[in-house]
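Report on the structure
Listed below are the residues making up each chain.
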Amino acid sequence: MIINHTEELNISDYSELALEAGFTYAAPLAVDALIFRQEVRDMCAADLCRSYGKCWSCPPAAGSLEHIAEKASGYSRGIIVQTSGELKDDFDIASIHRLSLKHNACFDKLVRQVRILSPGCLPMGAGACTRCRKCTYPDRPCRHPDRLWPSMEAYGLLVSDVCVKSGLGYNYGSGTMTFTSCILID
Ligand code: SF4
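So, a few notes on the structure that sits alongside this text. (Residues numbered from 1 in each chain as written. Predicted model: local features only at pLDDT ≥ 70, side-chain atom pairs only at ≥ 80, totals over all residues. Heavy atoms only, no water.)

So, about the site of the ligand. Close contacts around the ligand come from Cys55, Trp56, Cys129, Arg131, Cys132, Cys135, Thr136, Cys142, Arg143, His144 and Leu148, and that covers them all. Grouping the constituent residues of the shell around the ligand by class yields seven nonpolar, two polar and two charged. (Near = heavy atom within 4 Å. Nonpolar A, V, L, I, M, F, W, Y, C, P; charged D, E, K, R; others polar.)

See below:
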């Protein structure tokens, strides 16, 4: 797809851009499904992923739910993107890691492109930021604040609900793994 920087893209063009960036699935985001829930935040605080309080992208550094809800309320459209793949079995950590790296690389590429067209866009990633070998949190500022995007979960979103309301699956069956991110576009 050739991007004309002076032309405003419609939302299906952004989905096409996402598929070209390498995602498995992309769809218009159901913006009204973005409900920033304290109970999801509470799951972060349970620290099952061992990232709570260890990274600028994760709670509590990710900011308050009120703050993100207010920011998000200024957007009426966006896209949701997924990277999905097969696992050999439930313990196939190598494939999960590869899929995660692929998803994050595609998301970096897509955010770069969307920012050209929509400089005020609001990306929400998947999982804790792993850009640096060791995060500077909490002693020093983030090394890459312009490439720091908290995850949908960190913002209190119930990802399965947002996927389904946006017309995408959340789980594509046993033996598969899927990573999901989204971008609000102004
Ligand atoms: S870019 Fe580096 S310093 Fe910033 S949140 Fe990610 S890991 Fe931490």
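Resuming the write-up.
A word on the pairing of strand β4 (residues 176–185). Extensive coverage of β4 is indicated by the burial of eight of its 10 residues. In terms of strand pairing, strand β2 (residues 77–86) meets β4 through 10 bridges, oriented antiparallel. Across the sheet, residue Val81 finds its bridge partner in β4, namely Ser181. Across three bridges, strand β3 (residues 122–124) lies against β4 in antiparallel orientation. The partner of Leu122 across the bridge, within β4, is Leu184. (Buried < 20%, exposed > 50% of the residue type's maximum accessible area, 1.4 Å probe, protein only. Helix = DSSP H or I, 4+ residues; strand = E, 2+ residues; numbered from the N terminus. Pairing = 2+ DSSP bridges.)

Contact pair helix α1 (residues 11–21) / helix α4 (residues 93–117): the axes reach a minimum separation of 9 Å and the direction vectors enclose 145°. The hand of the α1/α4 crossing is right-handed. Between α1 and α4, the residues in contact are Tyr14, Leu17, Ala18, Glu20 and Ala21 and Cys106, Lys109, Leu110, Gln113, Val114 and Leu117, respectively. Looking at the contact of α1 with α4 residue by residue, the class counts come to eight nonpolar, one polar and two charged. (Axes fitted to C-alpha atoms, helices over the stretch in contact; angles between N-to-C directions. Left-handed = near helix turned anticlockwise from the far one by under 90°. Contact = heavy atoms within 4.5 Å.)

This part is about the packing of aromatic side chains. For the coordinates displayed, the defined rule picks out three aromatic pairs. Ring centres of Tyr25 and Tyr172 lie 4.5 Å apart, and the angle between their planes is 15°; this geometry places the pair in the stacked category. Of this pair, Tyr25 sits in strand β1 (residues 25–28) while Tyr172 sits in the loop between α5 (159–165) and β4; the two residues are 147 residues apart in sequence, bridging distant segments of the chain. The class for Tyr172 is partly exposed, based on a relative accessible area of 27%. Here Trp56 and Tyr137 contribute two aromatic rings whose centre-to-centre distance is 4.7 Å and whose plane-to-plane angle is 85°, an arrangement assigned as edge-to-face. Here Trp56, found in the loop between α2 (38–45) and α3 (65–72), pairs with Tyr137, found in the loop between β3 and α5; they are 81 residues apart in sequence, far enough to count as distant. (Phe/Tyr/Trp six-rings, centres within 6.5 Å; stacked < 30°, edge-to-face > 60°.)

Turning our attention to the nonpolar core. In this structure, Leu29, Phe36, Ile80, Met124, Met152 and Leu184 are the most contacted members of the largest nonpolar core, which totals 21 residues. Elements supplying a minimum of two residues to this core: α3, β3, α5 and β4. In this structure, Leu184 is in contact with Leu29, Val31, Leu34, Ala72, Tyr75, Arg77, Gly78, Cys121, Leu122 and Met124, ignoring residues within four places of it in sequence. Residues Leu9, Leu17, Ala18 and Val114 belong to the second largest nonpolar core, which totals 19 residues. (Core = buried A, V, L, I, M, F, W, Y, C linked by side-chain atoms within 4.5 Å.)

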